[in-house]
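Each chain, written out:
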Amino acid sequence: MATSLGSNTYNRQNWEDADFPILCQTCLGENPYIRMTKEKYGKECKICARPFTVFRWCPGTRMRFKKTEVCQTCSKMKNVCQTCLLDLEYGLPIQVRDTGLAIKDDIPKSDVNKEYYTQNMEREISNTDGTRAVGQVGKATSSSDMLLKLARTTPYYKRNRPHICSFWVKGECKRGEECPYRHEKPTDPDDPLADQNIKDRYYGINDPVADKLLKRASAMPRLDPPEDKSITTLYIGGLGDNVTDGDLKGFFYQFGEIRTITIVQRQQCAFIQFATRQAAEMAAEKSFNKLIINGRRLTVKWGRSQAARGKDGIPDGITEMGIRLDPVPGLPGALPPPPPLDQEAPANYFNLDPGSSPAVMNLTLPPPPGLNPPPPGYGPPMFHHLNAMAPPMPPALGMRPPGQIHYPSQDPQRMGAHGAHGSRQTE
């Protein structure tokens, strides 16, 4: 710096002194007993170029030493960590956070404007308690579903690993296991993640990590409301046995008045009908891919109207969830369609030869005990006369016309009809 530390000028008064850094959980490390070195005015900020207090520490065993890269004023203006420059609330790059919250970056890039903007932000920061964000980030009160889906909920300590040993890559490292660097193959130099710039990350432009996360967010499934405004029902799948209607009502009542809750235990699903379409849309937006009740992640979909359900049939081999099922080998094929109503269906149910003449005319049961049989000539004959020249006997009134032989046991030639008929004639 052009100005010496001993000179009491305006620039000297703007130098920053702090007692503790602003860090995220990942950069701080998992060791609760950590030691830091503090160097007052040790480096200049990589954003505003003002000297600030530098902290240096080791986040854990077999980890590389880390230090603060930007001053606390630049960190508070963007609500980011002083080391990794990721958002303190979501753990995401600034470009992703600003896209999710619809924030437009207004930090100037030139030196004079940057210094004036920083002075105004310091005055605003001094009027707050330091626990909330300032600037455009502090004014954005609403959260984004995209940020909640992409946010990292646990620390990622793998980011604190040492760098790759360049001597080992060339085959010249002689330290062996004592080498503090990693002995691993480096990544592809053409990989966009291999070229990262701290200023691009801070200003939220051309950040390869942010581009990768935004592409992942665009590929995520989303639940679009149906065009039919009369649909106010949500389908909840994967209930299991431990989710009751009381649990569903306790979660969904916050979005609006619930008209009915129907649980189909056999299918392990439920249908929740809201009184208004606005309440149903809010419930679908807040619970899609985020609904967990009693430790079970539930599926949320829009219900379908009865007309659309009957019109759009589900194809064979596809479930209601859209999952294609493989065919099961060994199952019989589909049954043939029934004949049209204007055609008479054949009576040959047992695939008998249609050219064979029936031997049975009408079979009658013997009279019950206590009743005398009818005299000869008044009752219906049981069998046809075997003589072809004999005139046919007229069928009795109310009797069914002769038909095909349905069972082999009805054939008189197979059950001894000749012997029984001859014995009656001799008698």
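Our structure's up above, just so we're on the same page.
Residues numbered from 1 in each chain as written. Predicted model: local features only at pLDDT ≥ 70, side-chain atom pairs only at ≥ 80, totals over all residues. Heavy atoms only, no water.

Let's shift gears to the packing of aromatic side chains. The way to describe two aromatic rings as a pair is by their centre distance and the angle between their planes. Under the definition given, this model contains seven aromatic pairs. Ring centres 5.8 Å apart and planes at 70° place the aromatic pair Phe251 and Phe255 in the edge-to-face group. The partly exposed category is assigned to Phe251, whose relative accessible area is 24%. Taken together, the aromatic side chains of Phe251, Phe252, Phe255 and Phe274 make up a single cluster linked through ring pairs. Taking the ring centre of Tyr202 as reference, the NZ or CZ of Lys78 above it sits at 5.8 Å. Sitting over the face of the ring of Tyr156, Arg152 holds its NZ or CZ atom 4.5 Å from the ring centroid. (Phe/Tyr/Trp six-rings, centres within 6.5 Å; stacked < 30°, edge-to-face > 60°. Buried < 20%, exposed > 50% of the residue type's maximum accessible area, 1.4 Å probe, protein only. Lys NZ or Arg CZ within 6 Å of the ring centre and 35° of its normal.)

Moving on: the sheet that holds strand 4 (residues 233–237). Strand order in the open sheet formed by four strands is 5-6-4-9, and the pairing between neighbours is antiparallel. Where the open sheet ends on each side, the last strands, each with one partner, are strand 5 (258–264) and strand 9 (299–302). Strand after strand, the sheet turns through a mean of 20° between neighbouring axes, direction not considered. The sheet contact formed by strand 4 and strand 9 spans four bridges and is antiparallel. Bridge pairing links Ile236 to Val300 in strand 9. Helix-sheet contacts for helix 11 (residues 245–252) involve strand 4, strand 5 and strand 6 (269–274), and the interaxial angle to strand 5 is about 145°. Strand contacts of helix 12 (residues 277–287): strand 4, strand 6 and strand 9, with the helix running at about 145° to strand 9, the strand carrying the most contacts. (Pairing = 2+ DSSP bridges. Helix = DSSP H or I, 4+ residues; strand = E, 2+ residues; numbered from the N terminus. Axes fitted to C-alpha atoms, helices over the stretch in contact; angles between N-to-C directions. Contact = heavy atoms within 4.5 Å.)

This part is about unusual backbone geometry. Its identity as a non-glycine residue notwithstanding, Leu85 has a phi of 60°, on the positive side. Relative to the elements of secondary structure, Leu85 occurs in the loop between helix 3 (72–78) and helix 4 (94–101).

Moving on, we come to the pattern of salt bridges. What the rule picks out here adds up to eleven salt bridges. Of the charged contacts in the structure, one is a salt bridge between Lys46 and Glu69, with a shortest N-O distance of 2.9 Å. One end of the pair, Lys46, is in the loop between strand 1 (36–44) and strand 2 (51–57); the other, Glu69, is in the loop between strand 3 (66–67) and helix 3, with 23 residues separating them in the sequence. Overall, Lys46 belongs to the partly exposed group, its relative accessible area being 40%. Residues Asp207 and Arg201 are paired through a salt bridge, measuring 3.5 Å at the closest nitrogen-oxygen approach. The pair Asp207 / Arg201 is uniform in exposure class, with both members buried. What emerges from the salt-bridge pattern is a single network uniting Lys46, Lys67 and Glu69. (Salt bridge = Lys/Arg side-chain N within 4 Å of Asp/Glu carboxyl O.)

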